[in-house]
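# Understanding the architecture of this molecule
Here's the letter readout for the chains.
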Amino acid sequence: MRYFLMLLALVVGCLLPLQASINAKLGTFLKAPLMAAMVNFIVGGFILLTVIIGTRTPNNILLAIREAPAHAWVGGLMGSIYVTSIIFLVPRLGAALSFGLIIAGQMVFSLALDHFGLFGVPVQPVNWGRIAGVLLIFVGILLIQKF
């Protein structure tokens, strides 16, 4: 099961630069990255609503409003910043450099999340192997930037 999940993560990762390129093109047509980001979220929201209705997913929103911690609600804000930034960055830096830097940022912060067990993530202490892995990502970014 673990290898299937790893393969799934790899495949889903392939969708991100594709989505970024498509959204960047939409931003060019609309002449506004913010409008392209909004279209992205409207279409995504419509698809999710359709799936929720189609699968009869339980509606626990009222319970969540009462019981969920405040930080549980900032995901949408973070998603809008991420999508808008990608729409802005890809046409200026290219997909490879943009995502190399994004992945580096994700990995640095992921090490902190794992190490401290933040937001319920299982604790996995930082070690030299993990640090070396992140440093190799930065080496890859330098090579992408140079060539």
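Everything quoted here is computed from the prediction, not taken from an experiment. Once a new chain begins, its residue numbering starts again from 1 and follows that chain's sequence as written. Restriction of local features to residues with pLDDT of at least 70 applies here, the model being predicted, together with a cutoff of 80 or more for giving and counting side-chain atom pairs; totals for whole chains, interfaces and linings are based on all residues. Side-chain metrics in this entry use all non-hydrogen atoms of the structure; hydrogen atoms and water are not considered.

Let us look at the side chain of Asn23. Helix numbers and strand numbers start at the N terminus; a helix is a DSSP run of H or I with at least 4 residues, a strand a run of E with at least 2. Relative to the elements of secondary structure, Asn23 occurs in helix 1 (residues 2–30). Working definition: with a 1.4 Å probe on protein chains only, accessible area under 20% of the residue-type maximum means buried, over 50% means exposed, and in between means partly exposed. Here Asn23 falls in the buried class, since its relative accessible area comes to 8%. Between two residues, a contact is recorded if the distance between any of their heavy atoms is within 4.5 Å. Not counting the four nearest positions on each side in its chain, Asn23 is found in contact with Ala36, Asn40, Val83 and Ile87.

Our focus in this paragraph is the packing of aromatic side chains. Any pair of Phe, Tyr and Trp rings, taking the six-membered ring for Trp, is counted once the centres come within 6.5 Å. Such a pair is stacked with planes under 30 degrees apart, edge-to-face with planes over 60 apart, and tilted for the rest. Inspection of the entire model under this criterion finds 0 aromatic pairs. A ring is considered to have a charge above it if a Lys NZ or an Arg CZ atom is located within 6 Å of its centre and within 35 degrees of its normal. Above the face of the Phe88 ring, Arg92 is positioned so that its terminal group lies 3.8 Å from the ring centre.

With a 1 Å grid laid over protein atoms only, a set of points is called a cavity when a 1.4 Å probe fits there but cannot get out and a pocket when it is open yet has protein on both sides within 12 Å along at least five of seven lines; lining residues have an atom within 4 Å of a point. Grid points are joined across faces, edges and corners, and a volume is the space filled by probe spheres set on the points. For the structure on display, the rule yields 1 cavity of 30 Å³ or more. Residue lining of the largest cavity: Leu16, Gln19, Ala20, Asn23, Tyr82, Val83, Ile86, Ile87 and Phe99, and that is the complete set. Mapped by element, the contributors of at least two residues to the lining of the largest cavity are helix 1 and helix 4 (75–93). Broken down by class, the residue content of the lining of the largest cavity amounts to 7 nonpolar, 2 polar and no charged. Gly counts as polar in this scheme, as do all residues outside two lists: the nonpolar Ala, Val, Leu, Ile, Met, Phe, Trp, Tyr, Cys and Pro, and the charged Asp, Glu, Lys and Arg.

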